[in-house]
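Single-letter residue listing:
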Amino acid sequence: MKKITLIIAFFCQYFLLQAQVGIGGDIYSTKNIVKVIDGTKGAILPYSNSFTSFPQYNAGVTDVFNDYPNLIGGLIYNKSDDQYYKYDGYAWNPARQIQGIYQPKGSRLGISSGISIPCIAFGLGICLSAGSAVYLAPDNKSEVLVDNLALKNASNVTIKQAGIYDVGAALGFTGGSLGAQIGVTEFKLTLQVRYIPTGNWETIVTKSNYSLIFVIDTNGNKTCSFAQTLSLPVGAELRVIPTIRTIGGSGGSLSAYGTDANSINSYLAARLIKAY
């Protein structure tokens, strides 16, 4: 009796594993597990009223979703913005999103090393800033840091394909000042391009952010950012120069600033619009 039961169980299991399910008709295919056969009706996939209810949501991580390889390819509909989202193993990506970690014509680079900027101010401030922030951090898909354009070299960032680019940069400044001073601190970000290896650096765009000083300037991080459309040849090198100065001040203070390595506040991004 035991042998008969085992044989029956084996055959049942075999046929269940080999079976296909058809919904709306009796036409099946060995290439499908589930097949919907109805041209007038659709299948309702999982949905949510907000992305905060999506699986693996975690407000405490950079991209607000935990990494979970077993969920790759998952789909969910978000009622709040009327679109589907697909999970890539790191985050849920909206269907209408054209940028992302798999965008072949885009790179978003994080800071691998920043600089320190000490300042002393008596009226007008003097800041000893030198060098540039280095955007050569390793790729990290969880933080949307990818180099799909292969811009990173051992020590610099260069263009590998001639064309028209959208280039954006952001840099966070940390630190503050302490002293008896009233004035304004300017946090400036400058994008420079060297078109040939032996050429001079040319300033393309600058952007400033300002912070009021009244005795103590410690009101959190300051961030500068910009975007610019450029025509760039093969081999063009990019760099970002941060500078700080005190303007219109009275009294005196000592300051210590630095560059923020957080990928939310500091990054260099490029998107190829048209290749030459």
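Bear in mind that the values here come from a model prediction, so they are computed numbers and not experimental data.

The next thing to look at is the overall build of the protein chain. For the protein chain, the helix and strand inventory stands at one helix and 16 strands. Summarising the internal contacts of the protein chain: among those between residues at least 6 apart in sequence, 69% fall at separations of at least 24. Of the roughly 15,900 Å² that the protein chain leaves accessible, carbon and sulfur atoms contribute 60%.

Another point: the pattern of salt bridges. The full count for this structure, using the stated rule, is three salt bridges. Note that aspartate 166 is salt-bridged to arginine 271, the shortest N-O span being 3.0 Å. Within this pair, whereas aspartate 166 is found in strand 12 (residues 163-194), its partner arginine 271 is found in strand 16 (residues 267-275), the two being separated by 105 residues in sequence. With a relative accessible area of 26%, aspartate 166 lands in the partly exposed category. We note a salt bridge from glutamate 237 to arginine 194, for which the minimum N-O separation is 3.1 Å. Placement of the pair is glutamate 237 in strand 15 (residues 237-260) and arginine 194 in strand 12, with a sequence separation of 43 residues. On the accessibility criterion, glutamate 237 (13% relative accessible area) is buried.

Turning next to the sheet that holds strand 4 (residues 75-78). One open sheet accounts for four strands, arranged 3-4-5-6; its pairing is mixed. This sheet does not close on itself; its edge strands, each paired only once, are strand 3 (47-48) and strand 6 (92-94).

Here we come to the confidence of the model for the protein chain. Per-residue confidence for the protein chain gives a mean pLDDT of 77; residues scoring 70 or more make up 68%. When pLDDT is averaged over each helix and strand of the protein chain, the minimum, 47, is found for helix 1 (residues 2-18) and the maximum, 96, for strand 11 (residues 157-158). Below pLDDT 50 for its whole length, residues 6-17 participates in zero contacts with residues either more than four positions away or in separate chains.

A separate point is the environment of lysine 86. Relative to the elements of secondary structure, lysine 86 occurs in strand 5 (residues 83-87). Along the backbone, lysine 86 and glycine 73 are 13 residues apart, and their C-alpha atoms lie at a distance of 6.0 Å. In contact with lysine 86, other than residues within four places in its own chain, are Gly73, Gly74, Leu75, Ala91, Trp92 and Asn93.

Basis of the calculations
Residues numbered from 1 in each chain as written. Predicted model: local features only at pLDDT ≥ 70, side-chain atom pairs only at ≥ 80, totals over all residues. Heavy atoms only, no water. Helix = DSSP H or I, 4+ residues; strand = E, 2+ residues; numbered from the N terminus. Contact = heavy atoms within 4.5 Å. Areas by Shrake-Rupley, 256 points an atom, 1.4 Å probe, with all protein chains shown as cover. Salt bridge = Lys/Arg side-chain N within 4 Å of Asp/Glu carboxyl O. Buried < 20%, exposed > 50% of the residue type's maximum accessible area, 1.4 Å probe, protein only. Pairing = 2+ DSSP bridges. pLDDT = per-residue confidence, 0-100.

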